[in-house]
Amino acid sequence: MAKFTLKFMLALHDDPRGFDDLSPEEMQQIVRRYTEWAGKLAEEGRMAGGEKLSDDGGKVIRRDGGEAVVKDGPYSETKEVFAGFFLIHANSYEDAVEVSRTCPHLEYGGTIEIRAVDLQ
Amino acid sequence: MSDSVSQLVDHLFRHQSGRLVSHLVRTLGPAHVDLAEDVVQDALVAALRSWALDGVPANPGAWLTRVAKNRALDVLRRRSALKAKYADVLAQQALRSGLGDEGESVRFADELDDDVLRMIFACCHPEIAPAARGPLTLKLACGFGVSEIARAFVAAEATISQRIVRAKRQLRSGAVEIEVPTGGEVGERVDSVLDVLYLVFNEGYAAHRGENLVRSELVDEAIRLTRLLIDHEGTALPQAHALLSLMLLQASRIPARVDDHGSLVLLADQDRSRWDQARIAEGFRCLAAASGGEYLSEFHVQAAIAVCHVTARRDADTDWEQILAHYDTLVARFPSAIASLNRAVAISKVKGPLEGLAELDDLGADVLDGYYLFPATRGELLSQAGRHEDALAAFLRALELVTSDPERVFLESRVRGLS
């Protein structure tokens, strides 16, 4: 892993209803594309992890005056959800952008937010 | 991650979708066919989004089953909370008692196969319109999407989807039981299923329209489903074995049917070393199993003809007299224009092209003019008889009727050779 100096989170946003009309075969092809992409990154020593988040929007907690108030997450009404993330090793934002460019997520209408992990 | 990729076996989503829809329709009852399809689709979308990021789970089939069943329970619970419906409550109970089964994987896998078989019998039920049976089977029991079915049958998506909607209405109404038939009606019901499976096979094998000569997915699917029939005690009838034999023997030639440029290669010109020997061997075994009873189906005769072809090491070794004898039987017992056409070809091989032509012309102009293979075969025989101008006219007529690209290319080369 020594050849990469930085770590990035690729936050994947998508519209979960965008896949509704696909046939089972087409869906499997898409899964295959993602797993092959992730597999290639793993081979290059770039992959540091990935998780799918549940689509329920989660919870938000914030102190309001004296009391911590818990609310349902903000996602239920919006079209795009924060679906999950990959953690990758890269040397710069440019490098991370190049890696993200090849991610199938973009082809299927999703958005990738690239954030550097602060290592200082 | 590379382990995950290998767990994603070919057509897992498609096959699992067909099995789960079949299983849920059997568990919940045919009135819930739309619910079954919806929750399975939801489970596949969930899998797509989750596995893409997390990797494929150790037992993908069990994952999908669990998610689809839980989703069905959610929907039913929500519905009965709004307005308690007896059928929904019953369906929930049926689902709950089945939950957890997927852990006992061997037994559950067998059960799923049985559910697929039940679904096929329902989809090929005499109550369902004949033109809808193939599409409905592919949709519900095999997990094909409407656009894929439309492509397979080279029909408009709207047409296919209309047929499926109407047929599903029949299913929901309860006019069709989701069961493998038993007793006296088995034979007839099996025959109806076999006809549909052979239609699906032929759509794949002969692929009369479109750019590819063979749509191997349909061929594989038809073979897979016919295997389900012969693996089930009650439906392993001689005609089912005969059909499987016929499919395997014909499919064994697929690797040699198209050349490297995608053009059609006639049987006589095929590189026989490319024929699939494993399929041929299994085809022989199936035909032996088919020969148990006294019942002779059309598939028995067709398979016997296929045997004559695959046992000839070179085209010149083909036993055309034997083949002609089989076609005599076929035309006498199971008459059809295609059988007569093929018999005319066999006659030309045994007695010469003029005899074959006479036989062909007996079929009448209206039959001959409807489907490209008739003028194309006439052209072939005319050309062999040295009547080049007539042959050219026949090939040109065939070109007007042909709908598959490789066959068109083939006919064009014939026309060029003659003009």
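Above: the structure in question.
What counts and how
Residues numbered from 1 in each chain as written. Chains lettered and ligands numbered in written order. Predicted model: local features only at pLDDT ≥ 70, side-chain atom pairs only at ≥ 80, totals over all residues. Axes fitted to C-alpha atoms, helices over the stretch in contact; angles between N-to-C directions. Helix = DSSP H or I, 4+ residues; strand = E, 2+ residues; numbered from the N terminus. Parallel < 35°, antiparallel > 145°, perpendicular 65-115°, else oblique. Left-handed = near helix turned anticlockwise from the far one by under 90°. Contact = placed C-beta atoms within 7 Å. Nonpolar A, V, L, I, M, F, W, Y, C, P; charged D, E, K, R; others polar. Buried ≥ 20, exposed ≤ 12 C-beta atoms within 10 Å, placed from the backbone. Pairing = 2+ DSSP bridges. Expected span 1.5 Å × (residues − 1).

Caption draft 1: Fine view of the packing of helix H11 (residues 216-231) of chain B against helix H12 (residues 238-251) of chain B. Residues and elements named next belong to chain B. Where H11 meets H12, the closest approach of the two axes is 9 Å, and the angle between their N-to-C directions is 155°. Between H11 and H12, the angle is such that the two are roughly antiparallel. In this structure, H11 meets H12 at a crossing whose hand is left-handed. Listed contacts from H12 to Val-219, Ala-222, Ile-223, Thr-226, Arg-227, Leu-229 and Ile-230 of H11 are Ala-240, His-241, Leu-243, Leu-244, Met-247, Leu-248 and Ala-251. Grouping the constituent residues of the contact of H11 with H12 by class yields 11 nonpolar, two polar and one charged.

Caption draft 2: How the structure looks around the environment of Ala-109 of chain B. Residues and elements named next belong to chain B. Tracing the backbone through its elements, the reader meets Ala-109 in helix H6 (residues 105-123). Overall, the presence of 13 C-beta atoms within 10 Å leaves Ala-109 in the partly exposed class. Sequence separation between Ala-109 and Gly-61 is 48 residues, and the spatial gap between their C-alpha atoms is 9.6 Å.

Caption draft 3: Fine view of the pairing of strand S3 (residues 59-64) of chain A. All names here are of chain A. Across the six residues that make up S3, only a small minority, zero, are buried. Bridge count for S3 against strand S4 (residues 67-72) is six bridges, and the pairing is antiparallel. The residue of S4 that forms the bridge with Val-60 is Lys-71.

Caption draft 4: Fine view of H12 of chain B. A rise of 1.5 Å per residue sets the reference length of H12 of chain B, with its 14 residues, at 20 Å; its end C-alpha atoms lie 20 Å apart and thus fit the reference within 8%. Burial analysis of H12 of chain B places 13 of its 14 residues in the buried class, the great majority of the element.

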